[in-house]
Amino acid sequence: PKSSSSSSFMGGDPLSEHLKSAFATDSDKMDISLFQQTSPLHQLGSTSSATTTTTPTVSTETLQKVAKQGHVETFALVHPTLSNNYTGVHLYLDEVGQMKRLP
């Protein structure tokens, strides 16, 4: 595993590494029932094969372990190119932020 200092020199994302500790906070306040709720597609009554498959079971302990590690999901909104002077814009999300009832 790379440390945050080595990731900046090896092409990694230092902000993503920095955010892990912030996203790990409040991991003990997760509302696991939000994960266990039925998919919105099931609630609409869809009968397609893609929506009738069952969701794999994930233990509460596994979810809490993932949350304590502070997983960061990154989305590129604007890719750096010559036309934008190599300026990139990224969105960083706490992967379990919804279960922490974060905005």
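Residues numbered from 1 in each chain as written. Predicted model: local features only at pLDDT ≥ 70, side-chain atom pairs only at ≥ 80, totals over all residues. Heavy atoms only, no water.

Student: Explain the confidence of the model for the protein residue by residue, including any values.
Tutor: Mean pLDDT over the protein works out to 74, with 68% of the residues at or above the 70 mark. Averaged pLDDT values over the elements of the protein bottom out at 39 in helix α1 (residues 4-9) and peak at 93 in strand β1 (residues 72-78). Within the model, the stretch residues 1-9 combines pLDDT values under 50 with 8 contacts to residues more than four positions away or in other chains. (pLDDT = per-residue confidence, 0-100. Helix = DSSP H or I, 4+ residues; strand = E, 2+ residues; numbered from the N terminus. Contact = heavy atoms within 4.5 Å.)

Student: Quick rundown of the side chain of Asp94? Include the residues and the values.
Tutor: Among the structural elements, Asp94 can be located in strand β2 (residues 89-94). Sequence-distant contacts of Asp94, defined by excluding residues within four places in its chain, comprise Phe23, His71, Lys100 and Leu102.

Student: Give a detailed account of a nonpolar patch on the surface, specifying residues and quantitative values.
Tutor: On the surface, a cluster of nonpolar side chains totalling about 470 Å² of accessible area is made up of Phe75, Leu77, Val78, Val89, Leu91 and Leu93. If you list the elements that add at least two residues to the nonpolar patch, you get β1 and β2. Mapped onto the fold, Val78 is located in strand β1. (Patch = residues over 30% accessible without salt bridge, like charges linked within 9 Å, V, L, I, M, F, W, Y side chains within 5 Å. Areas by Shrake-Rupley, 256 points an atom, 1.4 Å probe, with all protein chains shown as cover. Salt bridge = Lys/Arg side-chain N within 4 Å of Asp/Glu carboxyl O.)

Student: Before we move on, could you go through the environment of Phe23 and cite the residues and values that matter?
Tutor: Its place among the elements puts Phe23 in helix α2 (residues 14-23). Given the relative accessible area of 16%, Phe23 is considered buried. Measuring from C-alpha to C-alpha, the distance between Phe23 and Val72 comes to 7.4 Å, with 49 residues separating the pair along the chain. Excluding anything up to four places from it in sequence, Phe23 contacts Ala67, Gly70, His71, Val72, Tyr92, Leu93, Asp94 and Lys100. (Buried < 20%, exposed > 50% of the residue type's maximum accessible area, 1.4 Å probe, protein only.)

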